[in-house]
Amino acid sequence: MTARATEFPIAIIGAGFGGIGMAIQLKKRGIESFTMFERAAEVGGTWRDNTYPGAACDVPSHAYSLSFEPNPNWSRKFSPSQEIQSYLLGLVEKWKLRDHLRLGTEIREARFDDRSGTWTLRTDKGDSFTARVVISAVGGLVDPQYPAIAGIDSFRGEKMHTARWNHDYDLTGKRVGVIGTGASAIQVVPAIAAKVGHLEVFQRTPAWVVPKLDGRYSARARELFARYPLLLRLSRGFKYWMSELFGPMIFLDAPRLSAIGERMSLKHLEAQVKDPELRRKLTPHFQFGCKRILVSDDYWATFERDNVDLVCEGIREIRAEGILTSDGVLHQLDAIIFATGFELGLAKAPFPVYGLDGRSLDAAWSAGAVAYKGMTVSGFPNWFILMGPNTGPGHTSVLVYTEAQISHALQAIGKLRDEHLKYVDVRQDVQDRYNERIQGRMKYMVWPSCSSWYLSPDGSNHSLYPGFAFEYAAGARNFHPAEYRLATFESDQRTTTADAA
Ligand code: N01
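Quick notes on the rules
Residues numbered from 1 in each chain as written. Predicted model: local features only at pLDDT ≥ 70, side-chain atom pairs only at ≥ 80, totals over all residues. Heavy atoms only, no water. Near = heavy atom within 4 Å. Polar contact = N/O pair within 3.5 Å; in protein donor to acceptor, adjacent residues only side chain to side chain. Areas by Shrake-Rupley, 256 points an atom, 1.4 Å probe, with all protein chains shown as cover. Nonpolar A, V, L, I, M, F, W, Y, C, P; charged D, E, K, R; others polar. Domains from an automatic or database assignment. 1 Å grid on protein atoms, 1.4 Å probe; cavity = no way out; pocket = protein on both sides within 12 Å on 5 of 7 lines; lining within 4 Å. Points joined across faces, edges and corners; volume = space filled by probe spheres on them. Helix = DSSP H or I, 4+ residues; strand = E, 2+ residues; numbered from the N terminus. Pairing = 2+ DSSP bridges. Axes fitted to C-alpha atoms, helices over the stretch in contact; angles between N-to-C directions. Contact = heavy atoms within 4.5 Å. Salt bridge = Lys/Arg side-chain N within 4 Å of Asp/Glu carboxyl O. Buried < 20%, exposed > 50% of the residue type's maximum accessible area, 1.4 Å probe, protein only. Expected span 1.5 Å × (residues − 1).

Colleague: In this structure, what is going on with the site of the ligand? I would like to understand it.
Modeller: Asp58, Ala183, Ser184, Thr205 and Lys291 are the nearest of the 23 residues found near the ligand. One nitrogen or oxygen atom from the main chain of Ala339 is found 3.4 Å from an oxygen atom belonging to the ligand. Between the ligand and Gly341, the relevant distance is 3.4 Å, taken from an oxygen atom to a main-chain nitrogen or oxygen of the residue. For the ligand, whose free accessible area comes to 910 Å², the fraction covered by protein is 82%. Looking at side-chain class alone, the shell around the ligand contains 11 nonpolar, 8 polar and 4 charged residues. Both of domain 1 (3–143 + 343–500) and domain 2 (158–338) provide at least three residues apiece to the shell around the ligand.

As structure tokens, this is what we get:
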């Protein structure tokens, strides 16, 4: 019997924002035949893992939430991590997603069977699961990256990564070193400065920082957002369109636009740091937007504290007692905090994935991760990626992109079910043309001009979308059958509009 006659099982891999959003939309359409696999013990992804002091979203809360699950109760303009995690846990309860969840279950391999049009997912428990459609929502910045510094294992004190915070370790009065000055560091540094005895921040590259303009939402404001949903939508829309307005200043290689951002940031630096020598050390040397723009109201001001030092000498090695810098100084420390970012998940397939004729996703991505609109890869039918290649924004909420991808996958699922298709497989020529256009645009973007996690080792960019969010969403939210090869059970032919033409 073919899978056509059975229920339509769907697998969602990953229960972070993307996986949860997808599950809700399936539920809204009355589709209950899905299972969510999550390797961790709880849902939440980024917001489950990043619990370091000061962890918060640097995108405004009203924009950084699902449009179909608006929340009038955010306590601040930029939500703390815990509050976002509570929001996600609330959605899981509201939509009764626990019944669909397999927590603590890691997918180790996925293999497509051309004959039955099904994916077989093998788990770390040794069992397997068959699905007609797979939604890969595994996230892009998940596994902590520790730097390749000599002697890293020899340190005798406490070592922790920002994304694996040890809440049992008391930093009070301790000599603490923070390595890194990215988005995580600029949140944790001000949050722990008053508590620790002495804080040293090891900076390799100073970053552009702009004011966050954070603040609490009053009880009255929250009441109004709850009573008048239109107000909440307007607030969301305003934040979204403002980020689009400022987008070109952040993503385009347009020195005149960059200069506006740089002036704004330097003014902020001047207001926060009085000492000109310290300001010089904190002043970035790369073009605005080339690395992620950081937003903070108190990061730079933290260096004005007597117990905080900026260390600009490179790290030579880590020793049992602390960090040895290139000037020969040994910085004695009780704890080292690695704010050194994440392994880029998109550098390879999340686990071995075998599509049509046994081809592997790693092989398909050997020259860099590519997918049609960041979602579908030719030769890997019925496999939809959320937050896939070239779908990251540098200037706005990633959820705008994710929601468009969810809509695309839902429409494809509708087509498969309604027309009893075996599979949809994006056409290679469609995928190639799309990616040529994406890569062609990269030369107009600011990102090739400096080194960052955005870039692959060969300098190509497979992580960010080179343009506006509205542009991506408008192009990605609809599933166009003509762009796919549609295979039926009856004929077992991989017919397409194009093939037919
Ligand atoms: O990591 P990063 P992150 N010696 O890779 C330094 C998201 N995020 O965790 O710039 C010394 O940005 C490295 O130096 P350099 C967001 O998308 C979102 O901060 O490479 N230093 C850099 O300063 C973000 O982009 C939120 O020279 C070393 C730092 O470590 C992404 O996560 C909040 C080093 C790493 O910065 C990653 O941010 C937080 C070495 N050997 C994060 N190796 C939101 O609010 C690395 N560094 C949504």
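Colleague: Any chance you could explain the layout of surface pockets here in plain terms?
Modeller: It is a probe the size of a water molecule, rolled over the atoms, that shows where empty space is left. What the second largest pocket holds in volume is close to 860 Å³. What lines the second largest pocket is a set of 28 residues, and nearest its centre among them are Pro60, Phe78, Pro211, Phe246 and Val295. The biggest single contributor to the lining of the second largest pocket is helix α6 (residues 229–251), with 8 residues. A breakdown of the residues in the lining of the second largest pocket according to their chemical character gives 18 nonpolar, 5 polar and 5 charged. Structurally, the lining of the second largest pocket is a two-domain feature, drawing no fewer than three residues from each of domain 1 (3–143 + 343–500) and domain 2 (158–338).

Colleague: Please clarify how the sheet that holds strand β3 (residues 101–103) should be interpreted in this entry.
Modeller: Whether parallel or antiparallel, the strands of a sheet pair through hydrogen bonds between backbone atoms. Reading across from one edge, β3-β2-β1-β7-β21 is the order of the 5 strands in this open sheet, with parallel pairing throughout. Edge strands, defined here as strands with exactly one partner in the open sheet, are β3 and β21 (383–385). Mean inter-strand twist for the sheet, computed between neighbouring axes without regard to direction, equals 15°. Sheet topology places strand β2 (residues 34–38) next to β3; 3 bridges connect them, and they run parallel. Across the sheet, residue Glu38 finds its bridge partner in β3, namely Leu103. Each of β1 (10–13), β2 and β7 (133–136) is contacted by helix α1 (residues 17–28), which is oriented at about 170° to β2, the strand it contacts most.

Colleague: Quick question: what am I supposed to make of the pattern of salt bridges here?
Modeller: Two side chains bearing opposite charge may form a pair once their charged atoms approach each other closely. Applying the stated criterion across every chain, the model contains 28 salt bridges. Linking Arg76 and Asp214 is a salt bridge whose minimum nitrogen-to-oxygen distance equals 3.1 Å. Taken together, the residues span a long stretch of sequence, with Arg76 in the loop between α2 (46–49) and α3 (81–94) and Asp214 in the loop between β12 (209–210) and α5 (219–227) at a distance of 138 residues. Between Glu317 and Arg319 there is a salt bridge, with the nearest N and O atoms lying 2.9 Å from each other. Given the relative accessible area of 25%, Glu317 is considered partly exposed. Bridged by salt links that share partners, the residues Glu38, Arg48, Asp49 and Arg164 form one connected network.

Colleague: For this particular structure, what's the right way to read helix α11 (residues 398–418)?
Modeller: It helps to recall that an α-helix has 3.6 residues per turn; residues three or four apart then point in one direction. Its 21 residues give α11 an end-to-end C-alpha distance of 30 Å, which sits within 8% of 30 Å, the value for a rise of 1.5 Å per residue. Of all the 21 residues making up α11, 15 are buried; the element is thus mostly covered by neighbouring parts of the structure.

Colleague: It is not clear to me how helix α4 (residues 185–193) should be interpreted in this structure. Could you clarify?
Modeller: Counting buried positions over the 9 residues of α4 gives 8, a clear majority of the element. Taken together, the buried positions of α4 are occupied by Ala185, Ile186, Gln187, Val188, Val189, Pro190, Ile192 and Ala193.

Colleague: Explain the pairing of strand β4 (residues 107–113) here, please?
Modeller: A regular strand carries its side chains on alternate faces of the sheet. In the sheet, β4 pairs with strand β5 (residues 118–123) via 6 bridges, with the strands oriented antiparallel. Within β5, the position partnered with Ala110 by the bridge is Leu121. Connecting the antiparallel pair β4 and β5 is a turn made up of 4 residues, with Gly117 showing a positive phi of about 65°. By the bridge criterion, 2 bridges tie β4 to strand β20 (residues 353–354) in an arrangement that is parallel. Counterpart to Arg111 in the pairing with β20 is Tyr354.

Colleague: Got a minute to help me understand the sheet that holds strand β9 (residues 158–161) in this structure?
Modeller: Read from one edge to the other, the open sheet built from 5 strands follows the order β9-β18-β10-β11-β14, with strand pairing classed as parallel. Each edge of the open sheet is held by one strand with a lone partner, namely β9 and β14 (308–311). Between one strand axis and the next, the sheet turns by 20° as a mean value, whatever way the strands run. Summarising the sheet, strand β11 (residues 198–202) and β14 pair through 4 bridges and their orientation is parallel. Across the sheet, Phe202 pairs through a bridge with Val311, a residue of β14.

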